[in-house]
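Commentary on secondary and tertiary structure
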Amino acid sequence: MASETHKHPNYMAIFYTLIALTVVELGVAQLPHYVEGSTRIMIVALVALALVKAMLVALYFMHLRFERKTFVILVSFPLVLAVILIIALLPDVAGFGH
Amino acid sequence: MEAAIQSPEMVHRHHPLPQAQPFGVTNGKFAMWLFLGSDGMSFMGLIATYVALRLGNLATWPDPTTILNIPLTALNTFILICSSVTMVKAFAAAQEGNVAGLKKWLAFTMLGGTIFLGIQAYEYYHLIHEGLYPWALIGEFLEKNPGASSLFGATFYACTCFHGCHVLSGVIYLGLTLLFVTRGRWSTSSIEIVGLYWHFVDLVWIVIFTIIYLF
């Protein structure tokens, strides 16, 4: 019910932000070609930008911002499992290169 | 006062009924979110596999930014984000009871998804023509990248094709929804649920585009 009565988020503003962030991403991806040793900065920046974009889609397009907190916690749980998956894979990655 | 008591929201808040919605969402929406949660974990598995195998084979991993057509894929990303906007416009039209607008925006969303699939098919055609097979590297590709690991092709196609199949399913799902709208059998909730699926596919592409194409 709540999601049907709330005021529309400004969808076009979200859209322009997503497009702008994508353009920034394409620019950041070129960084190592111009600045030596910036690969790590590029990776961190790109992951951060992708996370911000994904959050915007989930919060506004998928209306998560307007759902009950208990529901948001419930559907966010797979993200906790994603972190566990990454931690579980780390020893494998560390062992490979040597 | 009587109107307030009869409002379903009030009844739910003060006297939870067996059919009450403990999380404030309809059963259909709840089910779609649960599906998206498990589907998201499938994607996480594939993406994590890509990252782990790449980090474990840094020396033989070909440079995706030189192999893949980044401008074309950026255009595809743009098209998918646009189709997310047409989807929210369809939902807004549904909320206003504007059936003509709903049909129009659903059709535009389907068009966006179809263009995305067309571009992806074009991309695959060229990559396979150059010798990037899902199970091996041959021909031109191998000449340009001697000693490259065939794991790149395997994980690249696994991630992007799994996503492409989701877009295809989404276009079919949207088509069926459009058919039901044409027959007058739809609700605002059903439009929101198909929208959730579509935005999820967009969200996953944002992650795949960054991890696989830009690094």
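Residues numbered from 1 in each chain as written. Chains lettered and ligands numbered in written order. Predicted model: local features only at pLDDT ≥ 70, side-chain atom pairs only at ≥ 80, totals over all residues. Heavy atoms only, no water.

Here we take up the overall build of chain A. Helix and strand counts for chain A stand at 5 helices and 0 strands. The linear arrangement of helices and strands in chain A, starting from the amino end, is α-α-α-α-α. With 98 residues in all, chain A has 34% of them scored as buried. (Helix = DSSP H or I, 4+ residues; strand = E, 2+ residues; numbered from the N terminus. Buried < 20%, exposed > 50% of the residue type's maximum accessible area, 1.4 Å probe, protein only.)

Tracing the backbone shows B:Ala90 in helix H5 (residues 70-95). Apart from residues no more than four positions distant in its own chain, B:Ala90 is found in contact with B:Leu102, B:Trp105, B:Leu106 and B:Ile191. (Contact = heavy atoms within 4.5 Å.)

So, on to the interface of chain A and chain B. With 40 residues of chain A at the contact, the number on the chain B side is 43 residues. Counting the surface lost from both chain A and chain B, the interface buries some 3900 Å², and carbon and sulfur atoms represent 78% of this. In terms of surface lost to chain B, no three residues of chain A exceed A:Phe61, A:Met62 and A:Phe71, which account for 15% of the buried area on that side. Here chain A is connected to chain B by 1 salt bridge. For B:Lys29, the salt bridge goes to A:Glu67, with nearest N and O atoms at 2.5 Å. At the surface where chain A touches chain B, the tally comes to 3 residue pairs in polar contact (both at pLDDT 80 or more). (Buried area = accessible area lost by both parts, 1.4 Å probe. Salt bridge = Lys/Arg side-chain N within 4 Å of Asp/Glu carboxyl O. Polar contact = N/O pair within 3.5 Å; in protein donor to acceptor, adjacent residues only side chain to side chain.)

Turning to the pattern of salt bridges, a few remarks are in order. Within the structure shown, the criterion is met by 4 salt bridges over all chains. Between B:Lys29 and B:Glu192 there is a salt bridge, and its shortest N-O distance comes to 3.1 Å. Of this pair, B:Lys29 sits in helix H3 (residues 27-56) while B:Glu192 is found in helix H9 (residues 188-214), placing the two residues 163 residues apart along the sequence. Here B:Lys29 falls in the buried class, since its relative accessible area comes to 3%. Since its relative accessible area comes to 5%, B:Glu192 is described here as buried. The network of salt bridges with common partners includes A:Glu67, B:Lys29 and B:Glu192.

Attention now moves to a nonpolar patch on the surface. A cluster of nonpolar side chains, contributed by A:Phe77, A:Val80, A:Leu81, A:Ile84 and B:Met41, occupies part of the molecular surface with about 420 Å² of accessible area. For the nonpolar patch, the leading source of residues is helix H5 (residues 69-96) of chain A, giving 4 residues. Mapping B:Met41 onto the fold places it in helix H3. Residue class for B:Met41 comes out partly exposed when judged on its relative accessible area of 33%. (Patch = residues over 30% accessible without salt bridge, like charges linked within 9 Å, V, L, I, M, F, W, Y side chains within 5 Å. Areas by Shrake-Rupley, 256 points an atom, 1.4 Å probe, with all protein chains shown as cover.)

Under the criterion given, the structure shown has 3 cavities of 30 Å³ or more. In this structure, the second largest cavity spans a volume of roughly 50 Å³. Lining the second largest cavity are A:Phe61, A:His63, B:Met87, B:Val88, B:Phe91, B:Ile191, B:Glu192, B:Gly195, B:Leu196 and B:His199. Of all the secondary-structure elements, those providing two or more residues to the lining of the second largest cavity are H5 and H9 of chain B. Residues that form the lining of the second largest cavity fall into these classes: 6 nonpolar, 3 polar and 1 charged. (1 Å grid on protein atoms, 1.4 Å probe; cavity = no way out; pocket = protein on both sides within 12 Å on 5 of 7 lines; lining within 4 Å. Points joined across faces, edges and corners; volume = space filled by probe spheres on them. Nonpolar A, V, L, I, M, F, W, Y, C, P; charged D, E, K, R; others polar.)

So, about unusual backbone geometry. One non-glycine residue, A:His63, lies in the positive phi region at around 60 degrees. Mapping A:His63 onto the fold places it in the loop between helix H4 (39-61) and H5.

All names here are of chain B. For chain B, the mean per-residue pLDDT works out to 90, and 91% of the residues sit at or above 70. Long-range and interchain partners of residues 1-5, a stretch whose pLDDT sits below 50, account for 3 contacts in this model, where long-range means more than four residues apart. Scoring of the predicted complex yields 0.88 for pTM and 0.86 for ipTM. (pLDDT = per-residue confidence, 0-100.)

By size, the foremost hydrophobic cluster in this structure holds 79 residues, and its most contacted members are A:Met62, B:Leu68, B:Phe156 and B:Ile212. When contributions to this core are tallied by element, the ones reaching two or more residues are helix H2 (11-29), H4 and H5 of chain A together with H3, H5, helix H6 (99-130), helix H8 (151-182) and H9 of chain B. For this core, the element with the most residues is H9(B), which contributes 18 residues. Excluding anything up to four places from it in sequence, B:Phe156 contacts B:Tyr50, B:Leu68, B:Glu123, B:Tyr124, B:Leu127, B:Ile212 and B:Tyr213. (Core = buried A, V, L, I, M, F, W, Y, C linked by side-chain atoms within 4.5 Å.)

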